[in-house]
Amino acid sequence: MIFSLRPNVLRQSVQIPSRRLLATTSAQTASATQSPPPSPSSTSPASSSSSQAPLTHYKITLQRSAISLAPRMKATLVSLGIHRRLQTVFHPHNPINAGKILRVKELVHVENVSADEVRTKTEQRRERRPARGYVRVASKLGESI
């Protein structure tokens, strides 16, 4: 309600949707009426959610540097466990972590992953390491290998 400056007169405001909003909603309803809904047999098995594990964790990677940011933003990154650029951490889905991600959404890249894909810091380091030892590719002396 909008109140006028005159004490005894009340005016009610009516919000009129914008033309753009009306055009998109009418186009959506027109396309929905023209195409029939897909039948259950036409869906592919890859798109069914029962074959995949549920997405229960956030995979958060810091893409932008935190240099010259406000101390509050830096503290949010530290509370997420991110200390350097391109570092990746995993956190479970909950409102607290979602709020922290929203605070630094311009700096991070977030993916939803299942519990099977969650890696600890040690496991991530082990995956980055090359295999132990070395492989001899060629010899300068002309020996065959």
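For clarity, every value in this text was computed on a predicted model and none was experimentally measured.

Parameters at a glance
Residues numbered from 1 in each chain as written. Predicted model: local features only at pLDDT ≥ 70, side-chain atom pairs only at ≥ 80, totals over all residues. Heavy atoms only, no water. Helix = DSSP H or I, 4+ residues; strand = E, 2+ residues; numbered from the N terminus. Buried < 20%, exposed > 50% of the residue type's maximum accessible area, 1.4 Å probe, protein only. Contact = heavy atoms within 4.5 Å. Areas by Shrake-Rupley, 256 points an atom, 1.4 Å probe, with all protein chains shown as cover. 1 Å grid on protein atoms, 1.4 Å probe; cavity = no way out; pocket = protein on both sides within 12 Å on 5 of 7 lines; lining within 4 Å. Points joined across faces, edges and corners; volume = space filled by probe spheres on them. Nonpolar A, V, L, I, M, F, W, Y, C, P; charged D, E, K, R; others polar. Patch = residues over 30% accessible without salt bridge, like charges linked within 9 Å, V, L, I, M, F, W, Y side chains within 5 Å. Salt bridge = Lys/Arg side-chain N within 4 Å of Asp/Glu carboxyl O. Lys, Arg positive; Asp, Glu negative; His and termini not counted. Charge placed at Lys NZ, Arg CZ, Asp CG, Glu CD. Pairing = 2+ DSSP bridges.

(A) Structural view of the overall build of the protein. Across its full length, the protein carries 4 helices and 5 strands. Taken from the N to the C terminus, the helices and strands of the protein come in the order β-β-α-β-α-β-α-β-α. Split into buried and exposed, the 145 residues of the protein put 17% on the buried side. Sequence separation of at least 24 residues holds for 68% of the intrachain contacts in the protein that already meet a minimum separation of 6. Summed over its atoms, the accessible surface of the protein is roughly 12,400 Å², and 57% of this surface lies on carbon and sulfur atoms.

(B) Structural detail: the layout of surface pockets. Of the voids in this model, the largest pocket is the one considered here, and its volume is about 280 Å³. For the largest pocket, the lining is made up of 14 residues, of which Arg84, Gln87, Thr88, Lys121 and Gln124 are closest to its centre. Contributing elements (two or more residues each) for the lining of the largest pocket: strand 4 (88-92) and helix 4 (121-128). It is helix 4 that provides the largest number of residues to the lining of the largest pocket, a total of 4 residues. Taken together, the residues that form the lining of the largest pocket break down as 3 nonpolar, 6 polar and 5 charged.

(C) The arrangement of a positive patch on the surface in detail. Judged by side-chain charge, Arg84, Lys121, Arg125, Arg126, Arg128 and Arg129 come together as a positively charged surface patch. Its location among the elements puts arginine 128 in helix 4. The exposed category is assigned to arginine 128, whose relative accessible area is 61%.

(D) The pairing of strand 4, seen in detail. For strand 4, the tally of buried residues reaches 4 of 5 residues, placing the bulk of the element in the interior. With 5 bridges connecting them, strand 3 (residues 55-62) and strand 4 associate as antiparallel partners. Pairing of threonine 61 across the sheet is with threonine 88, part of strand 4.

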